[in-house]
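So the chains spell out like this:
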Amino acid sequence: MVESNPKADLLRYLQDARDSLLWKLEGLSEYDIRRPFTPTGTNLLGLVKHAASVELGYLGDVFGRPYFDEESRPSWWYTETDEPNVDMWATADESREQIADLYRQAWKHSNGTIEALDLDATGYVSWWAEGQREVTLHHAVVRVIGDAQRHAGHADIGRELMDGSVGWLRGKDSLPPGDSAWWEGYRGRLERVAREAGGG
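Just so it is clear, the structure is predicted and the values come from calculations on it, not from any experiment. (Residues numbered from 1 in each chain as written. Predicted model: local features only at pLDDT ≥ 70, side-chain atom pairs only at ≥ 80, totals over all residues. Heavy atoms only, no water.)

Draft legend 1. Seen up close, the overall build of the protein. Within the protein one finds 6 helices and 2 strands. A principal-axis box enclosing the C-alpha atoms of the protein has dimensions of 55 × 50 × 35 Å. The buried share of the protein, reckoned over its 200 residues, is 41%. A separation of at least 24 residues holds for 70% of the contacts in the protein among residues at least 6 apart in sequence. In the structure as shown, the protein presents an accessible area of about 12000 Å², 51% of it carried by carbon and sulfur atoms. (Helix = DSSP H or I, 4+ residues; strand = E, 2+ residues; numbered from the N terminus. Buried < 20%, exposed > 50% of the residue type's maximum accessible area, 1.4 Å probe, protein only. Contact = heavy atoms within 4.5 Å. Areas by Shrake-Rupley, 256 points an atom, 1.4 Å probe, with all protein chains shown as cover.)

Draft legend 2. Broad picture of the nonpolar core. Counting 28 residues, the largest nonpolar core has Leu21, Leu22, Leu25, Leu44, Val48 and Tyr103 as its most contacted members. For this core, the secondary structure elements donating two or more residues are α1 (6–23), α3 (44–58), α4 (96–116) and α5 (137–163). Broken down by element, the residue count for this core peaks at 7 residues, all from α3. (Core = buried A, V, L, I, M, F, W, Y, C linked by side-chain atoms within 4.5 Å.)

Draft legend 3. Spotlight on α3. Here α3 contains 15 residues, and its C-alpha end-to-end distance of 21 Å stays within 8% of the 21 Å for a straight helix at 1.5 Å per residue. Counting buried residues along α3, 15 of its 15 residues qualify, which places the element largely inside the surrounding structure. (Expected span 1.5 Å × (residues − 1).)

Draft legend 4. Broad picture of the side chain of His151. Structurally, His151 can be placed in helix α5. Judged by relative accessible area, His151 falls into the buried class, the value being 5%. With near-sequence residues (within four places) excluded, His151 lies in contact with Leu21, Leu47 and His50.

Draft legend 5. Layout of the environment of Leu175. Positionally, Leu175 belongs in the loop between α5 and α6 (180–197). Look past the residues within four positions of Leu175 in its chain and what remains in contact with it is Val166 and Trp183.

Draft legend 6. Quick peek at unusual backbone geometry. A positive phi is found at Asn85, a non-glycine position, where the angle reads about 60°. By secondary structure assignment, the location of Asn85 is in the loop between α3 and α4.

Draft legend 7. Region of the structure containing a nonpolar patch on the surface. A surface patch of nonpolar side chains, about 290 Å² in accessible area, is lined by Trp182, Tyr186 and Leu190. Among the structural elements, Tyr186 can be located in helix α6. (Patch = residues over 30% accessible without salt bridge, like charges linked within 9 Å, V, L, I, M, F, W, Y side chains within 5 Å. Salt bridge = Lys/Arg side-chain N within 4 Å of Asp/Glu carboxyl O.)

Draft legend 8. Highlighting the packing of α1 against α4. Running from N to C, α1 and α4 point in directions that differ by 175°, and their axes come no closer than 12 Å. It follows from the interaxial angle that α1 and α4 lie roughly antiparallel. Residues Lys7, Leu11, Gln15, Arg18, Asp19, Leu21 and Leu22 of α1 pack against Ala100, Tyr103, Arg104, Trp107, Ser110, Asn111, Ile114 and Glu115 of α4. Taken together, the residues of the contact of α1 with α4 sort by class into 7 nonpolar, 3 polar and 5 charged. (Axes fitted to C-alpha atoms, helices over the stretch in contact; angles between N-to-C directions. Parallel < 35°, antiparallel > 145°, perpendicular 65-115°, else oblique. Nonpolar A, V, L, I, M, F, W, Y, C, P; charged D, E, K, R; others polar.)

Draft legend 9. Looking closely at the packing of aromatic side chains. Here the structure, examined in full by the defined rule, presents 11 aromatic pairs. A ring pair is formed by Trp76 and Trp77, whose centres lie 5.9 Å apart and whose planes are at 70°; its orientation type is edge-to-face. The pair formed by Trp76 and Trp77 is uniform in burial state, with each residue classed as buried. Each ring, one from Trp77 and one from Tyr78, has its centre 5.1 Å from the other, and the planes form 55°; the classification is tilted. Taking relative accessible area as the criterion, Trp77 reaches 3% and is therefore assigned buried. (Phe/Tyr/Trp six-rings, centres within 6.5 Å; stacked < 30°, edge-to-face > 60°.)

Following this line, the structure appears as structure tokens:
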């Protein structure tokens with residue numbers, strides 16, 4: 001008989017996204033992990049920094065377990081700045097190692113919150129609209145999973161555009177087998193179908 005373990009399920013899907021995001025940085029230059037690959041500035045290291053801030057906010061501050069104290073909060077932390085998107089990119093002084101380590105520390109801190117509290121525990125989201133700021137831990141974890149998985153998808157596309165690397169994790173690409181010729185033919189087929197559907 002399969003037993004239900006909601007916390008374990010939530011942590012598994014959260015960790016999958018975490019691991020995928022960090023893997024997308026491997027083997028790339030400092031330039032490539034920072035360069036924007038969309039018109040809105042999406043970049044790989046910024047996605048990791050953002051994911052760390054989301055976890056530390058929703059699974060830390062919201063439940064009275066802040067990771068940063070007043071003296072150690074970075075200038076880009078939501079309580080310290082009004083600059084839009086400041087957590088979506090890394091300065092030249094913020095190393096890959098610093099950002100990746102912060103993300104790993106966020107995992108430990110978030111996991112501690114999930115382990116310590118019941119899923120129906122209530123937190124307070126100060127940046128939400130007045131009257132809608134209470135949230136359960138279950139809701140917050142699902143929100144963080146959704147955000148992390150969404151950005152892992154962004155990272156998938158960015159990395160593929162940069163150097164052709166694809167997949168969920170090294171050795172787990174979740175793609176059908178095919179060499180470069182097969183993929184070229186597949187892409188060509190999709191292009192022909194798109195043109196046909198578009199009347200071209």
